[in-house]
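Coordinates in review
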2 protein chains.
Amino acid sequence: MVLDAAESAELALLVEAGSMPKPGNVEPSRDFPDTSYHQFQAGAVGARSALEDAAADEAIGRCFRRAVKGASRHEGGNTHFGALLLLTPLVQAEASDGVDSVDAVVEDTTVDDAEEFYRAFQAVEVNLGDVEPDGLPDAGDDDAAEKVRERGLTLYQVMEGSADVDDVASEWVNGFERAFRRADDLQRLVEDGSPTSEAVASVYLEMLRTEPDSHVARIHGDHVADDVVSMANNLDVAALDRRLRYDDINPGATADVLSAACFVALTRGGLGI
Amino acid sequence: MVLDAAESAELALLVEAGSMPKPGNVEPSRDFPDTSYHQFQAGAVGARSALEDAAADEAIGRCFRRAVKGASRHEGGNTHFGALLLLTPLVQAEASDGVDSVDAVVEDTTVDDAEEFYRAFQAVEVNLGDVEPDGLPDAGDDDAAEKVRERGLTLYQVMEGSADVDDVASEWVNGFERAFRRADDLQRLVEDGSPTSEAVASVYLEMLRTEPDSHVARIHGDHVADDVVSMANNLDVAALDRRLRYDDINPGATADVLSAACFVALTRGGLGI
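Now for a description of the structure that goes with this document. Computed from a prediction, not measured in an experiment: that's the story for all the values here. (Residues numbered from 1 in each chain as written. Chains lettered and ligands numbered in written order. Predicted model: local features only at pLDDT ≥ 70, side-chain atom pairs only at ≥ 80, totals over all residues. Heavy atoms only, no water.)

Below, the discussion takes up the packing of aromatic side chains. Inspection of every chain in the model, using the stated rule, returns 16 aromatic pairs over all chains. With a centroid separation of 4.8 Å and an interplanar angle of 55°, the aromatic rings of F81 of chain A and F121 of chain A are classed as tilted. Residue F81 of chain A is found in helix α4 (residues 81-95), and its partner F121 of chain A is found in helix α6 (residues 111-123); the two are separated by 40 residues along the sequence. Under the relative-accessibility criterion, F81 of chain A is labelled buried at 7%. Relative to F40 of chain B, the ring of F32 of chain B lies with its centre 6.2 Å away and its plane at 70°, an arrangement referred to as edge-to-face. For the pair formed by F32 of chain B and F40 of chain B, the shared burial category is buried. These aromatic residues form a ring-pair network of at least three members: F64, F81, F117, Y118 and F121 of chain A. (Phe/Tyr/Trp six-rings, centres within 6.5 Å; stacked < 30°, edge-to-face > 60°. Helix = DSSP H or I, 4+ residues; strand = E, 2+ residues; numbered from the N terminus. Buried < 20%, exposed > 50% of the residue type's maximum accessible area, 1.4 Å probe, protein only.)

Pasting the structure below:
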C-alpha cells in the first residue's frame, strides 16, 4: 500500500479503533457511553488536514493543537489527544528523513510548541486525573500556556517532566521505543498470516498483559493500573471487557501507543492492508 | 458536527462500512475473502484528496477517476467504485450551492467526463457481470474511452443508458432520489434515539427488504436479486448473512446508495456524530 504520511496516520487511527476485541477501549461493536465508534472515525477524518501541515514541516505545537481541534468537531468530546501527540512528530519525521528520525523532530521542539500544547488543552476536555508532574504548569490552569513561556520550557522539556507518569510523554523521551517495538510485533503477526484486525487486537491484549497503562494510573491510581495487568493475564477477553467497562476503566494510553505502532507498521508496509 | 464536503464524504464511506450488522457486505467483524474491512478504511482515506478536488470544482470525470485510483492503493482491489460515482457529484454540489443542487452538476457533465469514467475502469477491476446496456461501449473494452468520444456521449448520457440496469446510474438520472429518501430515514432514526451504527444497519436492512440490488442482478440474474429481497423479509439477520456469504452474493449497489445517503445525512448534521 502506498499512502503519504498524513494519510497513513489517519488510517492508523482508523485501524486501531476499528480492530476488535479491545477490552476497555472503543471498538465498532461497542460505543463508549459518551463517545461512539463513529465519533472516533470522525476524529480521525478531522485530524488529517493538520497532519498534512505537520508533513509539510510546519511547527509541531501548532499542528498538534490544530489536529486536536480538528479531531474534536464531533459531539463526542476528546477522542485523539494522546494519539495525536505521538503521530504529529512521527508524521513529520516520516515525511522528511523517515520515521526513524523522530528523535530529532521532538528534540527540536521549542517554547512556542510547548505553549501551543497547553493551548490544545483549552480546546478539549482532557482528563489527566490529579497527578501533576513536578515543575510543570497545571495543564488545567487557564494561564498554563503563559506560565510555560515564562519558565522557558520547550515541548520536549515538558514531556521530560511528564515521562514518569505518562506513557505518551515517555515515548517522546525514549525514542518512541514502545511504538517501534509494537510495530515489530504487528508486522510479525501479519507476516505469519494474521488478518489485520486480529493482529492489532492481539498486540493490544499483549500490551495490557505486560505494561500498566498510565492513563488508568493517573485516573484511578497505580494499584488499579497494576490490577488491570493482572486481570488481563487471568480473565478471558469477554470477562476482562465486562470488568473494565463496569468499573469505567479505559486503558487509553495503551490505545494511543498502539495507534503510533500501527502508523510505524503502515509506513513499512507491514499491516496487511 | 462541522466537516467540509470532502471530509464528510470520506466519513460517509467509513460510517457505512463501519456499521453492522450488514448481511452480505463488509463490516468490522467480517472481512470479504479478498478484501478486509481495513482495506475499505484505506480506500476511504485514499479517495479523500480527489474528493477535495471535486469540492474545488474540478471536472467530475477526472476527480472520479482519481478518487477510484486513490481508493485502490491497498491490496484488496476495487472497494469504492460505485459509491465514489455517487459521492463525487454530491461533494461538488455540497461545496457550491448545496447538496440539493446535485442535478445541475450531473447534467453539466461532458464527453471528457465520460472518457475519464471509462478510463477509471481500466484502473481497477470492476465486476459488472454480463449485462451490457444497449448503445454504450463495453466497459471492459480497452478502447471504450475512445468509443465514447467518437459517439459524443456525455457522462450523464452514459448514466442514462445504464439507468435501467444499474442503481448508481439510476440515481444520477433520477435526482439521487433513493439517497435523499434514505438520508431522511437515517435522520428520523437518529432523532428517535438510535445510535448511528444501528440506524445505518437498520436502513441497510430495509433497503434489502424493499429494493432488488442491481449489482446482484448484474452478476447473478434478476431472479437472484428478487430472491435476496424475499430472504431479507423472511430470514433473521444471522441466517441471511450466512446465506448471502455462502452463495457469494454481495448487495454492493445497496451499500453504494447507503454511502450516499450517509453523506446527505452528514451534511444536514443528522447522523448523531
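There's plenty left to go through after this.
Turning our attention to α4 of chain A. Here α4 of chain A spans 21 Å end to end across 15 residues, near enough to the 21 Å set by a 1.5 Å rise per residue. Among the 15 residues that make up α4 of chain A, 13 are buried, leaving the element largely enclosed by the rest of the structure. (Expected span 1.5 Å × (residues − 1).)

Of the residues lining the interface, 32 residues belong to chain A; the matching set on chain B comes to 31 residues. Both sides of the chain A and chain B interface together cover about 2500 Å² of buried area, and 56% of this is carbon and sulfur. Among the residues of chain A in contact with chain B, H38, V45 and R73 of chain A are the three that bury the most area, contributing 25% of the side total. The salt bridge partner of R73 of chain B is E7 of chain A, with a shortest N-O separation of 3.0 Å. Between chain A and chain B we count 17 residue pairs in polar contact (both at pLDDT 80 or more) in total. Contributions of two or more residues to the side of chain A that touches chain B are made by α1 (5-18), α2 (37-55) and α11 (196-210) of chain A. Per-element accounting of the side of chain A that touches chain B gives the leading share, nine residues, to α2 of chain A. Partitioned by chemical class, the residues of the side of chain A that touches chain B number 13 nonpolar, 13 polar and six charged. (Contact = heavy atoms within 4.5 Å. Buried area = accessible area lost by both parts, 1.4 Å probe. Salt bridge = Lys/Arg side-chain N within 4 Å of Asp/Glu carboxyl O. Polar contact = N/O pair within 3.5 Å; in protein donor to acceptor, adjacent residues only side chain to side chain. Nonpolar A, V, L, I, M, F, W, Y, C, P; charged D, E, K, R; others polar.)

When chain A is brought onto chain B, the operation consists of a screw motion whose angular component is 180° and whose axial shift is 0.0 Å, with 0.0 Å RMSD remaining. Look at the turn and shift together and you get a two-fold axis relating the two. The C-alpha atom lying nearest the rotation axis in chain A is that of P28 of chain A; the distance is 3.3 Å. Interface overlap between copies is the fraction of interface residues in one copy that are interface residues in the other; for chain A against chain B it reaches 97%, indicating a shared surface. (Least-squares fit on C-alpha atoms with pLDDT ≥ 70 in both.)

On to the side chain of T35 of chain A, then. Residues and elements named next belong to chain A. By the element assignment, T35 lies in the loop between α1 and α2. By relative accessible area, T35 is classed as buried at 9%. Polar contacts involving the side chain of T35 include one to the main-chain carbonyl oxygen of G76, which spans 2.9 Å. Residues in contact with T35, not counting those within four places in the same chain, are V26, F40, G76 and T79.

For the rest of this paragraph, the subject is the packing of α1 of chain A against α2 of chain A. Residues and elements named next belong to chain A. The geometry of α1 relative to α2 is characterised by a closest axis approach of 8 Å and an angle of 165° between their N-to-C directions. Overall, the two elements α1 and α2 adopt an arrangement that is roughly antiparallel. Like other packed secondary-structure pairs, α1 and α2 cross with a definite hand, here right-handed. Contact residues: α1 offers A6, E7, A9, E10, L13, L14, A17 and G18, while α2 offers Y37, F40, Q41, A44, V45, R48, L51 and E52. Residues of the contact of α1 with α2, tallied by class, amount to 10 nonpolar, two polar and four charged. (Axes fitted to C-alpha atoms, helices over the stretch in contact; angles between N-to-C directions. Parallel < 35°, antiparallel > 145°, perpendicular 65-115°, else oblique. Left-handed = near helix turned anticlockwise from the far one by under 90°.)

Before going further, it helps to spend a moment on unusual backbone geometry. Residue and element names in this part refer to chain A. With omega at 5°, the peptide bond leading from M20 into P21 counts as cis. Considering the arrangement of structural elements, one finds P21 in the loop between α1 and α2. A positive phi angle, close to 75°, is found at D57, a residue other than glycine. Tracing the backbone shows D57 in the loop between α2 and α3 (60-70).

Residues and elements named next belong to chain A. Spanning 19 residues, α2 covers 27 Å between terminal C-alpha atoms, matching the ideal 27 Å at 1.5 Å per step. Maximal helix bending in α2 amounts to about 40°, located at R48. When you tally the buried positions in α2, you get 16 out of 19 residues, the bulk of the element. Among the residues trailing α2, D57 stands out with phi positive, at a value near 75°. (Bend = angle between axes of the 7 residues up to and from the residue.)

What follows is about the packing of helix α13 (residues 222-234) of chain A against helix α14 (residues 237-246) of chain A. Residues and elements named next belong to chain A. One way to put it is that α13 packs onto α14 with a least axis distance of 8 Å and a crossing angle of 155°. Between α13 and α14, the crossing angle belongs to the class labelled roughly antiparallel. For the pair α13 and α14, the sense of crossing is right-handed. Seen from α13, the contacting residues are V228, M231 and A232; seen from α14, they are L240, R243 and L244. Its residues assigned to classes, the contact of α13 with α14 comprises five nonpolar, no polar and one charged.

Take a negative patch on the surface next. A cluster of acidic residues, D103, E107, D108 and E160 of chain A, forms a negative patch at the surface. Residue placement: E160 of chain A occurs in helix α8 (residues 155-162). (Patch = residues over 30% accessible without salt bridge, like charges linked within 9 Å, V, L, I, M, F, W, Y side chains within 5 Å. Areas by Shrake-Rupley, 256 points an atom, 1.4 Å probe, with all protein chains shown as cover. Lys, Arg positive; Asp, Glu negative; His and termini not counted. Charge placed at Lys NZ, Arg CZ, Asp CG, Glu CD.)

Time to look at the pattern of salt bridges. Residue and element names in this part refer to chain B. Under the definition given, this model contains 50 salt bridges over all chains. Between R218 and D166 there is a salt bridge, and its shortest N-O distance comes to 2.9 Å. Of the two residues, R218 sits in helix α12 (residues 214-220) while D166 sits in the loop between α8 (155-162) and α9 (167-173), which places them 52 residues apart along the sequence. Its relative accessible area of 8% is what places R218 among the buried residues. A relative accessible area of 15% means that D166 is categorised as buried. For D185, the salt bridge identified is with R188, shortest N-O distance 2.6 Å. One end of the pair is D185 and the other is R188, both in helix α10 (residues 177-191) and three residues apart, which spans about a single turn.

Without other data, these values stay purely geometric and don't point to any function.
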